[in-house]
Amino acid sequence: MPNVDAGAGDRLALAVLAQYRMTTTEQMHRLIAPGVRVEQTRRRLQKLREEGLAERITLPQAGRTRVWFATQYGVRVAAELPELRGWRPPRGSGDKTAARFKAGHALTVTETALAFHHDARRRGDTFRPLDWIPEVYHQIGNGEAVIPDALMYYWAHDRREDGGFTMLRAFVEVDRATMGPERLAAKLDGYHCYHQYTPAPAGRRRTVGDGLPQEEWRRRYPVFPRLLFVLDGTGPAGIENRITALHASRNLPAARLLHQIPVMAASMTDLRQHGPTAPIWRPILEPDRKQAWM
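Note that the structure is a prediction, hence the values are computed from the model and not measured.

Conventions adopted
Residues numbered from 1 in each chain as written. Predicted model: local features only at pLDDT ≥ 70, side-chain atom pairs only at ≥ 80, totals over all residues. Heavy atoms only, no water. Pairing = 2+ DSSP bridges. Helix = DSSP H or I, 4+ residues; strand = E, 2+ residues; numbered from the N terminus. Contact = heavy atoms within 4.5 Å. Axes fitted to C-alpha atoms, helices over the stretch in contact; angles between N-to-C directions. Buried < 20%, exposed > 50% of the residue type's maximum accessible area, 1.4 Å probe, protein only. Arc of directions from axis to C-beta. Phe/Tyr/Trp six-rings, centres within 6.5 Å; stacked < 30°, edge-to-face > 60°. Parallel < 35°, antiparallel > 145°, perpendicular 65-115°, else oblique. Nonpolar A, V, L, I, M, F, W, Y, C, P; charged D, E, K, R; others polar. Expected span 1.5 Å × (residues − 1). Core = buried A, V, L, I, M, F, W, Y, C linked by side-chain atoms within 4.5 Å. Salt bridge = Lys/Arg side-chain N within 4 Å of Asp/Glu carboxyl O.

Q: Lay out the sheet that holds strand 1 (residues 23-24) in plain terms, naming residues and giving numbers.
A: Reading across from one edge, 1-3-2 is the order of the three strands in this open sheet, with antiparallel pairing throughout. With one partner strand each, in any of the chains shown, strand 1 and strand 2 (54-59) form the two edges of the open sheet. Pairing analysis gives six bridges linking strand 2 to strand 3 (residues 65-70), with the strands arranged antiparallel. The partner of Ala54 across the bridge, within strand 3, is Ala70. Docked against the sheet, helix 1 (residues 8-20) engages strand 1, strand 2 and strand 3, running at close to 95 degrees with respect to strand 3.

Here it is, written out as structure tokens:
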């Protein structure tokens, strides 16, 4: 029988481009084909470009780095792939001007994903490229929403018992020091609102055992995902200022969230040097100690 799935590599590349929004050639290579020569990834991206599914921009301030993204046509095609069933393209997907303005942050989010991917391969955990989903919309009422930089699904190998896997979920916020520490800390309020948000009854809505409506997040997750802040774009003093601002939230309404789910922060430098499963994460309630995220 002929190989009817010969384009699987191209399909995965397009799905990653659409879902991640932007990658460099090297990032794409490390995500989908780290075991082969990078020229194969370059040819694949160029093929997608020739088919009108992908486009690129050049960043002169970054050594003329080429940044790839799915075109609007490519986004429409990707949204119909079985790998992206249920995925909703963020606004501005496929727009060249939007790509130019958002490249710095998007590439840092992709680099964060790569740190987890590399560590998962080393540990024997399962973390596939499409298990990292940027900009997932979570409504909190009144037309507002929480949109994390990424939602991560991670299967951690259980080394203590039967060798199975434990599903871990995390909201990931990547801060490049483009906003003040107080604005960064204010993000906790949004997650607190999402944790508490219970839509007003309308028709037949999912309820708990006593008939009361459930919080909105329970429609998606069996447990509320942990919250990870990755801090970049500043030196050690700037990192400390941001962690201090997050720690100060223990005195605000969002403090309830800090007691109910793991909320931790780490620097991008530590993430790259030691890997995300190393004890580099500082709990917001106890920022003077470090631990693993899982």
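So, next bit.
Q: Now, about helix 4 (residues 72-79): what can you tell me, with residues and values included?
A: Taken together, the buried positions of helix 4 are Gly74, Val75 and Ala78. The arc that holds every buried residue of helix 4, seen down its axis, measures 100 degrees, which confines them to one face.

Q: Can you explain the packing of aromatic side chains? Please cite residues and give values.
A: If you walk through the whole model with that rule in mind, you get twelve aromatic pairs. When the centroid spacing of 5.4 Å and the interplanar angle of 85 degrees are considered together, the rings of Tyr154 and Trp293 count as edge-to-face. One end of the pair, Tyr154, is in strand 7 (residues 150-157); the other, Trp293, is in the segment after strand 11 (282-283), and 139 residues separate them in sequence. For the pair Trp217 and Phe224, a centre-to-centre distance of 5.4 Å together with 90 degrees between the ring planes defines the contact as edge-to-face. Each member of the pair, Trp217 together with Phe224, is buried.

Q: Please provide a residue-by-residue account of the sheet that holds strand 4 (residues 132-133), values included.
A: Strand pairing in a sheet relies on backbone hydrogen bonds, with the paired strands running either antiparallel or parallel. The sheet built from six strands is open, its strands ordered 4-7-8-9-10-11 with mixed pairing. On the outer flanks of this sheet lie strand 4 and strand 11, each paired with one strand and no other. Against the sheet, helix 7 (residues 236-247) touches strand 8 (165-175), strand 9 (226-231), strand 10 (263-267) and strand 11, its axis set at about 155 degrees to strand 9.

Q: Account for the packing of helix 2 (residues 25-32) against helix 3 (residues 38-50), with residues named and values stated.
A: The N-to-C vectors of helix 2 and helix 3 enclose an angle of 110 degrees; their axes lie 9 Å apart at closest approach. Comparing their axes, helix 3 and helix 2 come out roughly perpendicular. Between helix 2 and helix 3, the residues in contact are Thr25, Met28, His29 and Ile32 and Val38, Thr41, Arg42, Arg44 and Leu45, respectively. Split into classes, the residues belonging to the contact of helix 2 with helix 3 amount to four nonpolar, three polar and two charged.

Q: Got a sec to walk through helix 1? Specific residues and values, please.
A: An ideal rise of 1.5 Å per residue puts 18 Å on 13 residues; helix 1 measures up with 18 Å between its terminal C-alpha atoms. Arg21 sits one or two positions beyond helix 1 and adopts a positive phi of about 80 degrees.

Q: Describe the nonpolar core, naming the residues involved and giving the relevant values.
A: Note on soluble globular proteins: their nonpolar side chains tend to be buried together. Ranked by internal contacts, the top residues of the largest apolar core, which has 78 residues, are Trp132, Met152, Phe229, Trp281 and Trp293. Looking at which element gives the most residues to this core, the answer is helix 1, with seven residues. Apart from residues no more than four positions distant in its own chain, Phe229 is found in contact with Glu173, Leu184, Lys187, Leu188, Leu246, Val263, Met264, Ala265, Ala266 and Trp281. Membership of the second largest hydrophobic core comes to nine residues, among which are Leu59, Val67, Phe69 and Ala106.

Q: Could you give an account of the pattern of salt bridges, with specific residues and numbers?
A: Scanning the model with the defined rule gives 18 salt bridges in all. Close ionic contact of Arg289 with Glu286 constitutes a salt bridge, the shortest N to O distance being 3.3 Å. Since its relative accessible area comes to 38%, Arg289 is described here as partly exposed. Overlapping salt bridges, with partners in common, bring together Asp10, Arg44 and Lys47 in one network.

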